[in-house]
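Structural description and commentary
Residue-level listing of the chains:
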Amino acid sequence: RNGNIYYESISGVPIFDACGRFTGYRGIGRDTTEMHLVSDALRTSELQLRQITNNVPALLAYVDVEQRFRFHNRAYEEVFGLSFEEINGHALVEVLGQEAYGEAKDKVEEVLRGYPVGFESVRVTPQRSRRSFAMQYFPRYGKGAEEGKVVGFYSLGTDITELKRMGRMKNEVVSTVSHALRRPLTSI
């Protein structure tokens, strides 16, 4: 009547008379508008979060205590050459591969004990380019009954390939200049 939309959940059972003719039904209805609105808000919030994280040029993920991906951004899909379905819900070892997981296993165990971890990792992308990443793992603690307990970890990977290349170039220039200046100074 006032133009608002309401959502209801209705369930019922048919009622038949002694001759087996349908005479009506007995049912229960309940207003589910609030639940529907909360669900819509949650979907909107998740979509917004996904849009933001998918545009960040870093590897972002949440991995639970069973070492399964529960959230990741598009950068993970691009670097690993996998689809959303091939990462989401899958074990870390399945996504990283046995060799890379072997290199990261002790770091994963450390973060799951509650300690932040940082390390460098090299990955060959599906396009066959060799990329270096500065990886950081941060523990996530539970709430309520799981308060104080590590329930998973956040993963942040920053591509440092260009920084490393520039660092090597700088070192080469310094080495060349140092060597070139050493000769005249030696003779003087």
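In the block above lies the structure referred to throughout.
Keep in mind that what you see is a predicted model, and the values were worked out from it rather than measured.

Further remarks concern the sheet that holds strand E5 (residues 117-124). In spatial order, the strands read E4-E3-E7-E6-E5; together these five strands make up an open sheet with antiparallel pairing. The sheet is open, and its two edges are formed by strand E4 (69-72) and E5, each paired on a single side. Across the sheet, the mean angle separating the axes of adjacent strands is 25° when strand polarity is ignored. Across six bridges, strand E3 (residues 59-64) lies against strand E7 (residues 150-159) in antiparallel orientation. By the bridge assignment, Asp64 is partnered in E7 with Gly152.

For the largest pocket, the calculated volume is near 340 Å³. Forming the boundary of the largest pocket are 22 residues, of which Leu96, Ala100, Ser121, Val122 and Arg123 lie nearest the centre. Of all elements in the fold, only helix H2 (74-80), helix H4 (92-96), helix H5 (98-112), E5, strand E6 (130-141) and E7 reach the threshold of two or more residues within the lining of the largest pocket. Of the residues belonging to the lining of the largest pocket, the class tally is 15 nonpolar, two polar and five charged.

The full count for this structure, using the stated rule, is six aromatic pairs. Between Phe16 and Phe22, the aromatic rings sit 6.1 Å apart at their centres with planes inclined by 70°, giving edge-to-face as the arrangement. Overall, Phe22 belongs to the exposed group, its relative accessible area being 52%. With 5.4 Å between their ring centres and 70° between their planes, Phe69 and Tyr76 make a pair best called edge-to-face.

This next bit is on a nonpolar patch on the surface. Judged by side-chain polarity, Phe16, Phe22 and Tyr25 come together as a nonpolar surface patch covering roughly 390 Å² of accessible area. Tracing the backbone shows Phe22 in strand E2 (residues 22-31).

Along the chain, the position of Pro116 falls in the loop between H5 and E5. Exposure remark for Pro116: the relative accessible area of 52% places this residue in the exposed category. Sequence separation between Pro116 and Tyr154 is 38 residues, and the spatial gap between their C-alpha atoms is 9.6 Å. Discounting residues that sit within four places of it in the chain, Pro116 has contacts with Tyr137, Phe138 and Pro139.

Parameters at a glance
- Residues numbered from 1 in each chain as written.
- Predicted model: local features only at pLDDT ≥ 70, side-chain atom pairs only at ≥ 80, totals over all residues.
- Heavy atoms only, no water.
- Pairing = 2+ DSSP bridges.
- Helix = DSSP H or I, 4+ residues; strand = E, 2+ residues; numbered from the N terminus.
- Axes fitted to C-alpha atoms, helices over the stretch in contact; angles between N-to-C directions.
- 1 Å grid on protein atoms, 1.4 Å probe; cavity = no way out; pocket = protein on both sides within 12 Å on 5 of 7 lines; lining within 4 Å.
- Points joined across faces, edges and corners; volume = space filled by probe spheres on them.
- Nonpolar A, V, L, I, M, F, W, Y, C, P; charged D, E, K, R; others polar.
- Phe/Tyr/Trp six-rings, centres within 6.5 Å; stacked < 30°, edge-to-face > 60°.
- Buried < 20%, exposed > 50% of the residue type's maximum accessible area, 1.4 Å probe, protein only.
- Patch = residues over 30% accessible without salt bridge, like charges linked within 9 Å, V, L, I, M, F, W, Y side chains within 5 Å.
- Areas by Shrake-Rupley, 256 points an atom, 1.4 Å probe, with all protein chains shown as cover.
- Salt bridge = Lys/Arg side-chain N within 4 Å of Asp/Glu carboxyl O.
- Contact = heavy atoms within 4.5 Å.

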